[in-house]
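Structural overview for review
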Amino acid sequence: MSTALVTDLTIFVLALLVGIEVIGKVPATLHTPLMSATNSIHGIVLAGALLIGVTAHNPVGYVLAFIAAVFAAANVVGGYVVTGRMLKMFRKKAAPAPVSQGQVSQESLVTLNGHKGLKGLAGKLGIGRDQS
Amino acid sequence: MSGFTTNVQLIYVLAAACFVIGLHLMNSPATARRGNQVSIAGMVIAGVATLILLIHDGTVTATGWIVLIAGALIGSAVGLYAARTIQMTAIPQLVSMFNSVGGGAAALVAIYGYYQVEHTGGVLGSTTVFTVLDVIIGSVTFSGSIIAAGKLQGLIGGQPIIFKGGRLLNLVLAVVAIGTAAYMLTTASLPALLIVVLASLGFGVMMVLPIGGADMPVVISLLNAFTGTAVAMAGFVIGNWALIVAGALVGASGGILTKLMADAMNRSLVNIIVGGFGTGDSVAAVGGPVDAQVRSIAADDAAIQLAYASKVIIVPGYGLAAAQAQHGVAELGKILEDRGIEVSYAIHPVAGRMPGHMNVLLAEANVPYPQLVEMDDINPEFARTDVALVIGANDVTNPAARRPGNEISGMPILDVDQAKSIIVIKRSMGHGYAGLENELYFNPKTSMYFADAKKAMTELASAVKTLVA
């Protein structure tokens, strides 16, 4: 077994342990976005798909590189966009209902500021469950 | 490895660090969006590093560039379109499709690597074992995830599809794949490669077909873990650390979620992998307290209970999402909250079609996340709850799980029966996936409100409004 392979295996095992440690702390509330986020992370296989191009100099190589690039690009772009879309929906407070024009700016400003200020605190409080 | 390539590997390490930090930030909804952005930054870094490698190498032909760029653009467009237009109820299908293409791409990387060795008459190196593993795992994930997505989308029946000799065929496919793979290790042979790919694709299909709809959260998680492993194997094949780290992270995540889902459904991981899939669906109904009476109520009575409660817990199940009632529930919750009633949502780990699915559906309906409470945290709360409102959830509320000797014994449940009164919204007295009578419905504290979830929400909301107006 070559040294490079041993290094690779070491990295794999350590990354696996880091993954277990980090992901074990993600609350159940976020499990769907988490899976979607890890989904986009495995889109890194795009790098592998592109690297096929280095030695692909015949039709077989081109076809395989093309399909791999389509698959991986769809995976990475779609994964990140849909994760972002989902996470945007998680609000600490219900978004203010559409109110009459006079009130709107004032109210939404307060909510926005409050949200920004609370961001760091909420992070420390974990998911900040059970407001009551 | 030349000096230049080594330096680029360092950039990949930076990308890998971004992935870890990004996932770490997902431990709270408040920081999760930033986590996603950090992760994107890592991906951009990795992409740029790869381009630098390709340009520096200078061996990519003009056709090669066109093929790669066209492929990446087409893939991005498809991914972007799907991600932008997908309904939140259909997220599990999309995640499954991304699993599929991710696994497929990883398999292709290995297939190409092996083909290249055979084509150029090169020697099979020590990484061949990873190449072969990548081909198998990637192919199984590719076809298995497509079947899973088809089931979730309703293109293939959600019922487990079992036919005579299915198990045997599965075993044969596995033996053929692994046996031929062993041969591939020693001799570079394209026919052998083809056989392994086909057998693995077949195995993926056969593995998921017999699985019932209720087991989908486990299946998606498992396939997610497979994809991660396949990508890590691809990393070994091309000697790229970013792929190895990213793949390991995804593998760990998928593994953890699989375990959580399996525990929540009271099935052992071994039982699931070896082929105990979908057994819960085929169990015959077990006789419950047949002579017991259920109490049926109308919207007005339910509204009175809700409007004059001081603490209400809403228990949503997949039936809620199936009836598209999440917005109605959120509205009812809001009306009650505005009356000063304490409202929270009890989320069982397997509520929905994938881990955490119900949270996303409720978040989309504008329910603030602090109201979404996990099972272990909400269970002690039921005892001081005036009304527990169960919508489209069944087995996860059945007190029979606490007793030994039935299908769901030992399954973690929500302690709904501890609440002072219980309202169950259900279309009929039909059974849940376990085919078991729910004892909760015969509890003297329980009232049954027979209606479609969406219609019931509208009726309840207007009834509460008239009551308090």
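Residues numbered from 1 in each chain as written. Chains lettered and ligands numbered in written order. Predicted model: local features only at pLDDT ≥ 70, side-chain atom pairs only at ≥ 80, totals over all residues.

**A look at the overall build of chain A**
A count of helices and strands for chain A gives five helices and zero strands. Sequence-ordered secondary structure for chain A, helices as α and strands as β, is α-α-α-α-α. Here chain A holds 132 residues, and 48% of them are scored as buried. Pairs at least 24 apart in sequence give 56% of the contacts found in chain A among residues at least 6 apart. (Helix = DSSP H or I, 4+ residues; strand = E, 2+ residues; numbered from the N terminus. Buried ≥ 20, exposed ≤ 12 C-beta atoms within 10 Å, placed from the backbone. Contact = placed C-beta atoms within 7 Å.)

**A word on the overall build of chain B**
Helix and strand content of chain B: 17 helices and six strands. Overall, the C-alpha framework of chain B stretches about 80 × 50 × 35 Å when taken along its three principal axes. Within the span of chain B, comprising 469 residues, buried residues form 56% of the whole. Within chain B, contacts between residues at least 6 apart in sequence are counted, and of these 80% link residues at least 24 apart.

**Considering the pairing of strand β4 (residues 387-391) of chain B**
All names here are of chain B. The element β4 is extensively covered by neighbouring structure, given that five of its five residues are classed as buried. As defined by bridge partners, strand β1 (residues 311-316) adjoins β4 across five bridges and the pair is classed as parallel. When the sheet's bridge partners are listed, I313 is paired in β4 with A388. Here β4 runs beside strand β5 (residues 421-426); their pairing, made up of five bridges, is parallel. Its bridge partner lying in β5, A388 is registered against I422. (Pairing = 2+ DSSP bridges.)

**Comments concerning helix α3 (residues 45-55) of chain A**
Along α3(A), nine of the 11 residues are buried, which leaves the element largely enclosed by surrounding structure. All of the buried residues in α3(A) are V45(A), L46(A), A47(A), G48(A), A49(A), L50(A), L51(A), I52(A) and G53(A). Among the structural elements, α4 (59-88) of chain A together with α2 (29-57), α3 (62-85), α4 (91-119), α8 (216-238) and α9 (241-264) of chain B are those in contact with the buried residues of α3(A).

**Details of the sheet that holds β4(B)**
Strand pairing within a sheet occurs via backbone hydrogen bonds; the two strands may be parallel or antiparallel. Residues and elements named next belong to chain B. Reading across the sheet, the six strands line up as β3-β2-β1-β4-β5-β6 and stay open at both edges, with parallel pairing between neighbours. Either end of the sheet is taken by a strand with one partner, and the two such strands are β3 (372-374) and β6 (446-450). The mean inter-strand angle of the sheet, taken between neighbouring strand axes irrespective of direction, is 25°. (Axes fitted to C-alpha atoms, helices over the stretch in contact; angles between N-to-C directions.)

**Considerations on the environment of P412(B)**
Residues and elements named next belong to chain B. Its place among the elements puts P412 in the loop between β4 and β5. The exposure class of P412 is partly exposed, given the 17 C-beta atoms found within 10 Å. The sequence separation of P412 and R402 amounts to 10 residues, and the corresponding C-alpha distance is 8.3 Å. Sequence-distant contacts of P412, that is, excluding residues within four places in its chain, are made with A264 and M375.

**A word on the nonpolar core**
Residues A68(A) and V109(B) are the most contacted members of the largest nonpolar core, which totals 207 residues. Ranked by the residues each element gives to this core, the list is headed by α4(A), at 19 residues. Residues in contact with V109(B), not counting those within four places in the same chain, are V45(A), G48(A), A49(A), I52(A), A68(A), A234(B), V237(B) and I238(B). (Core = buried A, V, L, I, M, F, W, Y, C linked by C-beta atoms within 7 Å.)

**Re the interface of chain B and chain A**
Quoted interface sizes are often the accessible area lost when the parts come together. Contact with chain B, which involves 104 residues of that partner, is made by 92 residues of chain A. The residue makeup of the side of chain B that touches chain A, split by class, is 62 nonpolar, 34 polar and eight charged. (Nonpolar A, V, L, I, M, F, W, Y, C, P; charged D, E, K, R; others polar.)

**Some details on unusual backbone geometry**
Keep in mind that most residues, glycine aside, have a negative phi and that most peptide bonds are trans. Residue and element names in this part refer to chain B. A positive phi angle, near 60°, is found at Q324, a position not held by glycine. Positive phi is not limited to glycine here, since N366 has a value of about 75°. Tracing the chain through its elements places N366 in the loop between α15 (357-364) and β3. Classification of N366 by C-beta neighbours within 10 Å gives partly exposed; the count is 18.

**Notes on the environment of A68(A)**
Its place among the elements puts A68(A) in helix α4. A sequence separation of 51 residues divides A68(A) from L17(A), and the C-alpha atoms of the two residues are 29 Å apart. Not counting residues within four places of it along the chain, the set of residues in contact with A68(A) comprises A49(A), I52(A), A105(B), L108(B) and V109(B).

**Remarks on the packing of helix α1 (residues 3-23) of chain A against helix α1 (residues 3-24) of chain B**
Interaxial distance between α1(A) and α1(B) falls to 9 Å at its minimum, and their mutual angle equals 20°. In terms of orientation, α1(A) and α1(B) fall into the roughly parallel class. For the crossing formed where α1(A) meets α1(B), the hand is right-handed. Residues V18(A), V22(A) and I23(A) of α1(A) form the contact with α1(B), whose own contacting residues are V20(B), L23(B) and H24(B). Looking at the contact of α1(A) with α1(B) residue by residue, the classes come out as five nonpolar, one polar and no charged. (Parallel < 35°, antiparallel > 145°, perpendicular 65-115°, else oblique. Left-handed = near helix turned anticlockwise from the far one by under 90°.)

**Comments concerning helix α5 (residues 128-153) of chain B**
Residue and element names in this part refer to chain B. Here α5 contains 26 residues, and its C-alpha end-to-end distance of 37 Å stays within 8% of the 38 Å for a straight helix at 1.5 Å per residue. Within α5, 22 of the 26 residues are buried, which leaves it mostly tucked inside the rest of the structure. G154 occupies a position one or two residues after α5 and carries a positive phi of about 85°. (Expected span 1.5 Å × (residues − 1).)

**Quick look at the domain arrangement of chain B**
All names here are of chain B. With domains assigned, chain B is organised as domain 1 (1-85), domain 2 (90-281) and domain 3 (299-468). On a C-alpha basis, the centroid separation for the pair domain 1 and domain 2 is 23 Å. Taken residue by residue, the interface counts 10 residues in domain 1 and seven residues in domain 2. Of all the elements, α1 adds the most residues to the side of domain 1 that touches domain 2, at eight residues. Residue composition of the side of domain 1 that touches domain 2, grouped by class: nine nonpolar, one polar and no charged. (Domains from an automatic or database assignment.)

**Considerations on the environment of A461(B)**
Residues and elements named next belong to chain B. Its place among the elements puts A461 in helix α17 (residues 453-468). Considered as a pair, A461 and G333 are 128 residues apart in the sequence and their alpha carbons are 8.8 Å apart. Excluding residues that lie within four positions of it along the chain, A461 makes contacts with G328, E331, L332 and I335.

**Structural notes on the confidence of the model for chain A**
Residue and element names in this part refer to chain A. In this model, chain A carries an average pLDDT of 77, and 70% of its residues clear a pLDDT of 70 or more. Here helix α5 (residues 101-124) stands out as the least confident element of chain A, with mean pLDDT 41; α4 is the most confident, with 94. Low pLDDT, under 50, characterises residues 98-132; the stretch is placed with 32 contacts to residues that sit more than four places away or in other chains. (pLDDT = per-residue confidence, 0-100.)

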